[in-house]
Amino acid sequence: MKRLIQKGSFFLFALLAAFQVFAQEKTLDVDVNVNKDNSNWYQQPWVWIVGIAVFVLLLAAILKGSGSRKEA
């Protein structure tokens, strides 16, 4: 009798698990939005050019200021 209850409960658990797995199955829904306009500020080439120029100037100023100085 105990063996029958164990088999029955295992079958019931497996059946419920299978229903849950199949209930979550969904068709593939792909929504691709390719936006060709350059409305984002970071996509503008002039922003990158100005950013690189500022970075190079800051780097040059930092490296020039940290050079070895000879004191008398």
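Parameters at a glance
Residues numbered from 1 in each chain as written. Predicted model: local features only at pLDDT ≥ 70, side-chain atom pairs only at ≥ 80, totals over all residues. Heavy atoms only, no water. Helix = DSSP H or I, 4+ residues; strand = E, 2+ residues; numbered from the N terminus. Areas by Shrake-Rupley, 256 points an atom, 1.4 Å probe, with all protein chains shown as cover. Expected span 1.5 Å × (residues − 1). Buried < 20%, exposed > 50% of the residue type's maximum accessible area, 1.4 Å probe, protein only. Patch = residues over 30% accessible without salt bridge, like charges linked within 9 Å, V, L, I, M, F, W, Y side chains within 5 Å. Salt bridge = Lys/Arg side-chain N within 4 Å of Asp/Glu carboxyl O.

> Any chance you could explain the overall build of the chain here in plain terms?
Check the secondary structure of the chain and you find 2 helices and 0 strands. When the accessible surface of the chain is summed, it comes to about 7,800 Å², and 66% of that surface belongs to carbon and sulfur atoms.

> Is there a simple way to think about helix α2 (residues 45-65) in this case?
Along an α-helix, residues three or four apart share an orientation, since each turn contains 3.6 residues. Compared with the 30 Å implied by 1.5 Å per residue over 21 residues, the 31 Å span of α2 between its first and last C-alpha is a close match. Burial within α2 is sparse, with just 1 of its 21 residues counted as buried.

> I'm lost on a nonpolar patch on the surface in this one. Help?
On the surface, a cluster of nonpolar side chains totalling about 950 Å² of accessible area is made up of Trp-41, Tyr-42, Trp-48, Ile-52, Phe-55, Val-56, Leu-59 and Leu-63. If you trace the backbone, Val-56 turns up in helix α2. For Val-56, a relative accessible area of 47% translates into the label partly exposed.

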